[in-house]
Amino acid sequence: MWLAAAAPSLARRLLFLGPPPPPLLLLLLSRSSRRRRLHSLGLAAMPEKRPFERLPADVCPINYSLCLKPDLLDFTFEGKLEASAQVRQATNQIVMNCADIDIITASYVPEGDEEIHATGFNYQNEDEKVTLSFPSTLQPGTGTLKIDFVGELNDKMKGFYRSKYTTPSGEVRYAAVTQFEATDARRAFPCWDEPAIKATFDISLVVPKDRVALSNMNVIDRKPYPDDENVVEVKFARTPVMSTYLVAFVVGEYDFVETRSKDGVCVRVYTPVGKAEQGKFALEVAAKTLPFYKDYFNVPYPLPKIDLIAIADFAAGAMENWGLVTYRETALLIDPKNSCSSSRQWVALVVGHELAHQWFGNLVTMEWWTHLWLNEGFASWIEYLCVDHCFPEYDIWTQFVSADYTRAQELDALDNSHPIEVSVGHPSEVDEIFDAISYSKGASVIRMLHDYIGDKDFKKGMNMYLTKFQQKNAATEDLWESLENASGKPIAAVMNTWTKQMGFPLIYVEAEQIEDDRLLRLSQRKFCASGPYVGEDCPQWMVPITISTSEDSSRAKMKILMDKPEMNVVLKDVKPDQWVKLNLGTVGFYRTQYSSAMLESLLPGIRDLSLPPVDRLGLQNDLFSLARAGIISTVEVLKVMEAFVNEPNYTVWSDLSCNLGILSTLLSHTDFYDEIQEFVKDVFSPIGERLGWDPKPGEGHLDALLRGLVLGKLGKAGHKATLEEARRRFKDHVEGKQILSADLRSPVYLTVLKHGDGTTLDIMLKLHKQADMQEEKNRIERVLGATLSPELIQKVLTFALSEEVRPQDTVSVIGGVAGGSKHGRKAAWKFIKDNWEELYNRYQGGFLISRLIKLSVEGFAVDKMAGEVKAFFESHPAPSAERTIQQCCENILLNAAWLKRDAESIHQYLLQRKASPPTA
C-alpha cells in the first residue's frame, strides 16, 4: 500500500542528534531535563496496549466461495458465503472476524454428514469478532461453513464502501469498491482476517448489467440473474492461495486501455469514463515493470492478468490487491497536456511500488503485522530501482535520499519513534505503523543492505526467499537467512541492530595525518533530536561504513563494518590536501559529525561541485539536523547554505528548500520573519535568474522540477520580479490568453494567493470548480492555505469540509492552512477542535487522522501548546493516532527549545548580512 502524502515535500523535515559533546553543548538544554519535561507532559512513553488475542486455530478455511450483491442506490449489500473449512480439533464454536455485518443464518455441513445450524451469533464488536455457536460438536475433518449476511456500503473509505463520481453528463453516481488492508476484509464478509490464514477464493458479483465488475482474477462466466433482467452475475476464476487483505472487487463505470507485457500478461488500466487516454502512461510503466520484476526475482508473475484502476474516493495512494490494484486518480492518471512532471514521476513510483508487492507481499506474505515493514520497506526501496530502470533521466536515487532517507531519520530521532519491527496486536495498533519508519526507514536499511551485500548476491537471496516461501507466510528472519546463505555475510547479526531497536547512530569522526596516511578515529552514539545521548547503556549498531577521498569522489577507498563503539581506521596514501568523507552516496543510515578541520576541507566541494550531488545533499542535511539538535549553531548551517550558490541539482535544491522551509516556520514565531525571507531570496535568486520562466531547448524532467521549485520559493518569499511575472501569467491564464504549463501552475497559484486578496481566492475557487482533472483540483487545494487574511483563511477551512473537496483531500487543505502562516496554524488547530466530531467520524481508524493531526500541530513552537494538544486528545481519544500525537507534542517542545537557543544568534547574523551583503 502506498500512503499518499499531502504533497511530496509537505510531509517532510524534522530533527536530530549525536556524539562526544563539544563545550558549546554545556549551554544547551540537557537531554535529562528534556526527558523530565516530556514526562511532566506525559509524553515519554506510549500508553499500554489494548488486550488482544489472535483467532483460535481449531478451524481454518481452505476456500471461500463468496457471492456479493451490492445495491448502489441504498448503499447496502447482500452476501452469501460457502467456505470449505477444516476442523482441526473438536469444537462447538467457530470464531471469525466480522465488523459492521449482520449475519442472517449460519450453518456447518461436515463432509458426508448432515447440516448443523448455528444457534447463536455472539458479536465482540470491540475486537471485531463473531463467535458462531453450534448445538453439537464439530468433529475434526473438512466441511462447508455457510453464512448469509447483509452489510452497508459505508462512506469511510474502508471495507466494502461507496465512492462518489460524476458522469460525463454531470450526474452524481456511486461505485462500490474495496480497501481491506490492514483489517477491513471483515467489513465485507465474515472471514479469518489474518495474513497467515490463507485460502483460495471463488468470487461472484451480482451487479447491474451496465456496470463494470472486477475482482482479483479474470472473468470466467457472465450470465443473467434469474430474478432481474437488469442484473447479471459475474463469476471470476479461482485465485491462488492468498490472504484476505488482498481480496478486492469493484463495481462501477469505467473505460480502459490495455496491452500485453512481453511475458504475455494482460495489463489493463481502468479510468473514469471518457478518460481512457489518461491511463496510457501508467499502462506503459506497468508493461515495462512486470518483466523487470520477473527478471529481478527470477520468478514469473503468477496471475493471468493485472488491472490497475483509478478510484474517486480513496484514502491511501494505492493498494496492491493481487491482480486488481486500486489507486487514487492522481496516482494513476496522466493527462499529456495538463499533468506536471512531478505527477508523472509519482505515478511511475506508485505503479512500481504496487507491482513489486505482487511478488513481495502477495506471493510471499508477512506472517503477522509485526513484519509489515518487510512488505512496505522492500516495495518502497525497489520502486526506485524499477523507476531508475524505466526512467534513468529522473536521477531517482538522489531523490530517494531527500524523499525517504532523511524523512525517516527525522522521525527516528524522536524519543517517541519505534523500531522497524514493532509488536502489533489490536487492529487500532496496526494503522499506527503505516508510517515513515515502516516505509522510509525500512526502504533505507534495505538500500544499505543491498549496498553491503552487492546486487548479484542480493538477487540470488531474493530468489531463494521467494521460491521457498511462495504462497506461504514469512518473517523478517526468513529473509535474513536467505540473504545470508546467498552472500556468506552475517546479515541477521547486522540487520537486527537496525530493525529490533529504534533510532540510528551519529558517527563522530576526526582525522590525523601520519606521514602519507590518514588516521581516522570513529565513534558512534545514538542520535537524538533533543541533544546528545547521555543514558548509561547507549544502543550500538553494526554500521556498514564507506570512506571516500577527493582522489576519486565517486568510489569508496575503504569499506568497513563498524561493530563497536569506537574504531580507528588507517587510510593509506592520502595526501594532506585531500579531503576524506564518510558515507559515500549517503547510503548508510546514520548521520556524520566531522571535526572542524575535516568539515572545513569538505566545504569547498559544495561550492566547486567536486562532491557528488547526493553527498552535497547529505552533508547539508546532516549539518541542518545537528543544528536542530543543538550540537552546532544554526548560523553555521546558514553560512554553509550560502555556499550552494552554484548548485545545479534539483534534489539538492529540494532538500535545501525543505530545510529553509522548516526554519521559516520556526521563525514565524519571531518578529524577524521578514529577514529570513530576505535570506531565502538571496539564496534562490541566482538559480532563478539562470533558469528563467520558460523551458530551454534540451531541458528535461529535472529542469522542469527545479524551475517549479525555485519560482515557488521566490514567489512565496515575495521576490518582486517573480511576483510581478506570476501575476501577469496568472491573469493571462485566467483570461484564456495563454494557458500556464502544468509545471508552472503550482508556483504561480501559490505566489498570487500568498500576495493576493479575496478576489484572487475567489478566482482560484472558480478554477477548482471548473477543473475536470483531479490533479488540478489537488494542485489548487494544496496552495489555498497560502492566503494570509484571517477572514480568507476561515473561508478556506470551511471549503475544506465542503462537498467540493473529496474526503481524502480535506486533510491536505487543512494542512496547507496550518503550514501557510502563523495565523493559519492557530486557525487550523481551532478548526480541528471545533469540528473534531465530524473529522474523527470521517477518518477514525485510518492513517488520515494521524496525517491531519501531524500537519496541523507540528509547526507550533511554544511549550504550552504541547500541553494543550495533549490535553485535547486525552479528552478526545484517537487510538490509531496515539503515537503521532506523542511525536507532535515532542516536536513542539523541540521547536521551542531550538527557538530559545538560536533565535537571537540567527537574528544577529541576518542583520549583519543585511548591513554587509556577502559577495558571491
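What counts and what doesn't
- Residues numbered from 1 in each chain as written.
- Predicted model: local features only at pLDDT ≥ 70, side-chain atom pairs only at ≥ 80, totals over all residues.
- Heavy atoms only, no water.
- UniProt positions renumbered as here; feature names shortened; annotations may be inferred.
- Axes fitted to C-alpha atoms, helices over the stretch in contact; angles between N-to-C directions.
- Helix = DSSP H or I, 4+ residues; strand = E, 2+ residues; numbered from the N terminus.
- Parallel < 35°, antiparallel > 145°, perpendicular 65-115°, else oblique.
- Left-handed = near helix turned anticlockwise from the far one by under 90°.
- Contact = heavy atoms within 4.5 Å.
- Nonpolar A, V, L, I, M, F, W, Y, C, P; charged D, E, K, R; others polar.
- Buried < 20%, exposed > 50% of the residue type's maximum accessible area, 1.4 Å probe, protein only.
- Pairing = 2+ DSSP bridges.
- Salt bridge = Lys/Arg side-chain N within 4 Å of Asp/Glu carboxyl O.

The protein chain carries the name Aminopeptidase in an unreviewed UniProt entry, which gives Balaenoptera acutorostrata as its organism. Note on the protein chain: under the UniProt heading Sequence similarities (unreviewed entry), the record states "Belongs to the peptidase M1 family." UniProt, in its Subcellular location (unreviewed entry) section for the protein chain, records the words "Membrane".

Peer 1: Would you mind going over the packing of helix 13 (residues 613-628) against helix 14 (residues 634-641) with me for this structure?
Peer 2: Working note: a packed helix pair is described by the angle between its axes plus the distance between those axes. Orientation of helix 13 relative to helix 14, taken along the N-to-C sense of each, is 160°, at an axis distance of 8 Å. Comparing their axes, helix 14 and helix 13 come out roughly antiparallel. Crossing of helix 13 over helix 14 shows left-handed handedness. Across the interface between the two elements, Gln620, Leu623, Phe624 and Ala627 of helix 13 pack against Thr634, Val637, Val640 and Met641 of helix 14. By residue class, the composition of the contact of helix 13 with helix 14 is 6 nonpolar, 2 polar and no charged.

Peer 1: Help me understand the pairing of strand 25 (residues 543-549) in this model?
Peer 2: Strand residues, when the strand is regular, have side chains that alternate between the two faces of the sheet. Buried residues dominate strand 25, accounting for 7 of its 7 residues. In strand 25, alternate side chains face the same way, and those of Val543, Ile545, Ile547 and Thr549 on one face and Pro544, Thr546 and Ser548 on the other are all buried. As paired strands, strand 25 and strand 26 (residues 558-562) are joined by 5 bridges and run antiparallel to one another. Across the sheet, the residue bridging to Ile545 is Ile560, located in strand 26. Here strand 25 runs beside strand 28 (residues 580-582); their pairing, made up of 3 bridges, is antiparallel. Counterpart to Ile547 in the pairing with strand 28 is Leu582.

Peer 1: Can you walk me through the sheet that holds strand 27 (residues 566-571) in this structure?
Peer 2: For sheets, the rule is that strands pair by backbone hydrogen bonds, running either parallel or antiparallel. Read across the open sheet, the 4 strands follow the order 27-24-23-29; overall the sheet is mixed. The open sheet is flanked by strand 27 and strand 29 (591-594), the only strands paired with a single partner. Strand-to-strand twist across the sheet, computed as the mean angle between neighbouring axes with direction ignored, equals 25°.

Peer 1: Looking at this model, I keep getting lost on the pattern of salt bridges. Mind explaining?
Peer 2: Oppositely charged side chains may form a pair once their charged atoms are brought near each other. Applying the stated criterion across every chain, the model contains 60 salt bridges. With a shortest N-O distance of 3.0 Å, Lys581 and Asp615 are connected by a salt bridge. Taken together, the positions of Lys581 in strand 28 and Asp615 in helix 13 put the pair 34 residues apart, joining distant regions of the chain. A relative accessible area of 4% places Lys581 in the buried class. Under the relative-accessibility criterion, Asp615 is labelled buried at 1%. Sharing partners across several salt bridges, the network here consists of Asp100, Glu128, Asp184, Arg186, Arg187 and Asp193.

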